[in-house]
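A structural walkthrough
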Amino acid sequence: MRKSIATVCLSGTLTEKLTAASRAGFDGVEIFENDLLASPLAPEEIAARTADLGLGIDLYQPMRDIEAVPEEIFARNLRRARHKFQLMRRLGADTVLVCSSIAPQAVDDDALAAEQLSRLADLAQEFGIRVAYEALAWGRHVSTYGHAWRIVEAADHPALGTCLDSFHILSRASGPEDLKGIADIPGDKIFFLQLADAPLMAMDVLQWSRHYRCFPGQGGFDVAGLLRHVLNAGYDGPLSLEVFNDVFRQADAGRTALDGLRSLLALEENAGVSPLPAPVIPSGVAFAELATSDPEPVGELLTALGFTRTARHHGKPVDLWAQGGARVLVNTGAAGRRTDTTLAAVGLETADPAASARRAEALLAPALPKRRAAQDVPLESIAAPDGTEVLFCATSRPELPSWTDDFTYTAENGPGDAMVIDHLALTQPWHHFDESVLFHRTVLGLSPHETVELADPYGLFRSRALSASSDGPRLVLNLAPAPEEGGEIRARHVAFAVGDIVAAVRRFRTAGAGLLPVPANYYDDLEARFEFAEGELETYRELGILYDRDERGGEFRHCYTETVGHVFFEFVQRSGGYSGFGAANAPIRLAAQRR
Ligand SMILES: O=C(O)c1ccc(O)c(O)c1
Ligand SMILES: [Mg+2]
């Protein structure tokens, strides 16, 4: 279907917004009045620019406070409308959005509203314009789509239809039955469809709408379900994103536009409109790759964790470290640049790497070169929004090329408890958090968990995990307040699951390595909250192990190493079906890392 985006979704000047929408691949835009007012370009120039960029102007908006007012006020409103219709003619825009009135002079009189909207439509018709009437969720007398439609139906004017906006509808809907009325609206009377999602919040609906809307798939609404109803009604106009979001207003417009288009592609898939190559849900983590120009400290830390350097890449300065099923690559080949240690790439096991790459491409993920050097095995890889390289791996499958074929083995896998990678915690730039969640959800087919928000000593810590299944890969996207010196706070980490965390930590300490210190106050509080077996808490206190327990008695024990560059490691031990990540302990970790 045709895809559009409202200029209000994007940051920058009108020209920057139009350019971003075009580059991302949208077909059209909704021009927001304020963007036009602030532009030095004449309407004809905007029309020309938009056309040059291959975009249509699918909507001009908003026109406010028109209907259900005393006649002398309505006469002034019509005069105002005439000016706007003239402007729209210069722009070449043929649909205007009129939102339900919030004016104190407006009266609760549907017949009057219908009569005046009909007269507005008469005037619009003279200009070849159609009027799409939208119920704002906080409209003074008209606040539901059903009510707006009854007025449009009563007016019965060919140039008057309704505009459905998923936010206004879903923010007021208490269940799927509240959407049934959409089927009663003839498809050709739905002049426009605006799409937005939002996190579920108990707050004033106007503030919610103006600050927290997000792209479909990023919040808690069933936007795909709503779209199905609208399509069943026979609507075949544009799918248009209309998102008011404080973060998007500050983020890079080009990236926001791509994020928006990805969200519409995934929405079409969910609503059964147009299929995408099916997701190939990753079954595990093949490796985590660290980039560094100083491999010594990280090598020491991996050694203390029980890892052995087992192999070397045949053409690049990349070492493979292994411990049980956990593999870490240490890459010192960042083209001679000095790089602090970072978690730069992630290898994910998939049943069909080529199919994973096809899905990623269909969802606009940037593909990276398959081969870095002539002799390398060809590998499918993409860049995640945060710049992390994601490689699709088929380890130990002789019929497919494997990243391991590029390595020459020099040593046996290390001794000790067999570890596996439990999860990867990927700290995100603050203005790309929602984009990153949507990317991992749609491209990789991972399911997001609830968002966790906690107070951090210097701000708000936000975290959202995504996982496939209980034994598939788990990614934790973290957003931590990052003051200028907040290097460690931006650090990312790799968590290793062990069968016996106490034994693992004792070995780690014997190897001369240190854990992040945990305050005594933390353990005093644990003692108050939970009952432990004799001596258990004392052991945690001695070793610096953190603890969490879920409602069903599942337990989580974990602890953190020191940080090297921008990377640290975590030991975790899960039991009893615990599926979280000890988020309640994150502020303790963050405070200790600040110290
Ligand atoms: O917040 C508003 O005023 C506003 C304006 C136009 C819209 O289409 C809308 O959904 C909300
Ligand atoms: Mg709207």
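Residues numbered from 1 in each chain as written. Chains lettered and ligands numbered in written order. Predicted model: local features only at pLDDT ≥ 70, side-chain atom pairs only at ≥ 80, totals over all residues. Heavy atoms only, no water.

**Regarding the coordination of the magnesium ion (ligand 2)**
- Here the magnesium ion (ligand 2) is held by Glu134 (OE), Asp165 (OD), Gln194 (OE1) and Glu242 (OE), and the distances to it run 2.0 to 2.2 Å.
- Around the magnesium ion (ligand 2) sit six donor atoms, and with donor-metal-donor angles ranging over 76 to 175 degrees the site reads as octahedral.
- Sequence positions of the residues that donate to the magnesium ion (ligand 2) give the spacing E-x30-D-x28-Q-x47-E. Here glutamate 134, found in strand β5 (residues 130-134), pairs with aspartate 165, found in strand β6 (residues 160-165); they are 31 residues apart in sequence, far enough to count as distant.
- Residue glutamate 134 is classed as buried on the basis of its relative accessible area, which comes to 3%.
- Residue class for aspartate 165 comes out buried when judged on its relative accessible area of 1%. (Donors = N, O, S within 2.8 Å, 3.2 Å for Na, K, Ca; no water. Tetrahedral: all angles 85-135°; square planar, octahedral: opposite > 155°, others 65-115°. Helix = DSSP H or I, 4+ residues; strand = E, 2+ residues; numbered from the N terminus. Buried < 20%, exposed > 50% of the residue type's maximum accessible area, 1.4 Å probe, protein only.)

**So, helix α11 (residues 295-304)**
- Every buried residue of α11 is listed here: Val298, Gly299, Leu301, Leu302 and Ala304.
- Just beyond α11, the residue with positive phi is glycine 306, at close to 100 degrees.

**Topic: the pattern of salt bridges**
- Taken as a whole, this structure holds 29 salt bridges when the rule is applied.
- Here aspartate 319 ties to arginine 312 by a salt bridge, and the two come within 2.7 Å at their closest N and O atoms.
- Its salt-bridge partner being arginine 557, residue glutamate 536 comes within 3.0 Å of it at the nearest N-O pair. You can see glutamate 536 sitting in helix α16 (residues 536-543) and its partner arginine 557 sitting in strand β24 (residues 555-560), a full 21 residues away along the chain.
- Relative accessible area serves as the criterion here: at 9%, arginine 557 is assigned to the buried category.
- Overlapping salt bridges, with partners in common, bring together Glu71, Glu115 and Arg119 in one network. (Salt bridge = Lys/Arg side-chain N within 4 Å of Asp/Glu carboxyl O.)

**A short note on the domain arrangement of the protein chain**
- Once the domains are mapped, the protein chain shows domain 1 (3-270), domain 2 (284-409) and domain 3 (421-594).
- Each of domain 1 and domain 3 was reduced to a C-alpha centroid, and the two centroids are 43 Å apart.
- In this complex, domain 1 contributes 12 residues to the contact, which on the side of domain 3 involves 10 residues.
- Summing both sides of the interface, domain 1 and domain 3 together bury roughly 1100 Å²; the carbon and sulfur share of this comes to 59%.
- By the criterion of area lost to domain 3, the three top residues of domain 1 are Gln218, Arg255 and Arg262, representing 44% of everything that side buries.
- Along the contact surface separating domain 1 from domain 3 lie one salt bridge.
- Arginine 255 is the partner of glutamate 435 in a salt bridge, and the nearest nitrogen-oxygen pair spans 3.3 Å.
- Seen at the junction of domain 1 and domain 3, the total is four residue pairs in polar contact (both at pLDDT 80 or more).
- The residue makeup of the side of domain 1 that touches domain 3, split by class, is five nonpolar, four polar and three charged. (Domains from an automatic or database assignment. Contact = heavy atoms within 4.5 Å. Buried area = accessible area lost by both parts, 1.4 Å probe. Polar contact = N/O pair within 3.5 Å; in protein donor to acceptor, adjacent residues only side chain to side chain. Nonpolar A, V, L, I, M, F, W, Y, C, P; charged D, E, K, R; others polar.)

**A look at the packing of helix α15 (residues 520-529) against α16**
- Taken N-terminus to C-terminus, the directions of α15 and α16 make an angle of 160 degrees; their axes are 10 Å apart at the nearest point. As the angle between them shows, α15 and α16 are arranged roughly antiparallel. For the crossing formed where α15 meets α16, the hand is right-handed. Mapping the contact onto sequence places Ala520, Tyr523, Asp524, Leu526 and Glu527 in α15 and Leu537, Tyr540 and Arg541 in α16.
- Of the residues in the contact of α15 with α16, the class split is five nonpolar, no polar and three charged. (Axes fitted to C-alpha atoms, helices over the stretch in contact; angles between N-to-C directions. Parallel < 35°, antiparallel > 145°, perpendicular 65-115°, else oblique. Left-handed = near helix turned anticlockwise from the far one by under 90°.)

**Some thoughts on the sheet that holds strand β11 (residues 318-323)**
- With respect to topology, nine strands assemble into an open sheet ordered β14-β15-β16-β13-β9-β12-β11-β10-β17, the strand pairing being mixed. In this open sheet, the two edge strands, each paired with only one partner strand, are β14 (367-368) and β17 (407-409).
- Sheet analysis places strand β9 (residues 284-291) next to strand β12 (residues 326-331), joined by four bridges and oriented parallel. Directly across from leucine 290, in β12, lies its bridge partner valine 330. (Pairing = 2+ DSSP bridges.)

**Details of the site of ligand 1**
- Taken together, 13 residues lie around ligand 1, and Arg64, Glu134, His168, Arg210 and Glu242 are the ones closest in.
- Note that an oxygen atom of ligand 1 is positioned 3.2 Å from one of the side-chain N or O atoms of glutamine 61.
- In the complex, the protein chains occlude 100% of the 290 Å² of accessible area that ligand 1 would expose alone.
- Here the residues of the shell around ligand 1 are counted per class, giving four nonpolar, three polar and six charged. (Near = heavy atom within 4 Å. Areas by Shrake-Rupley, 256 points an atom, 1.4 Å probe, with all protein chains shown as cover.)

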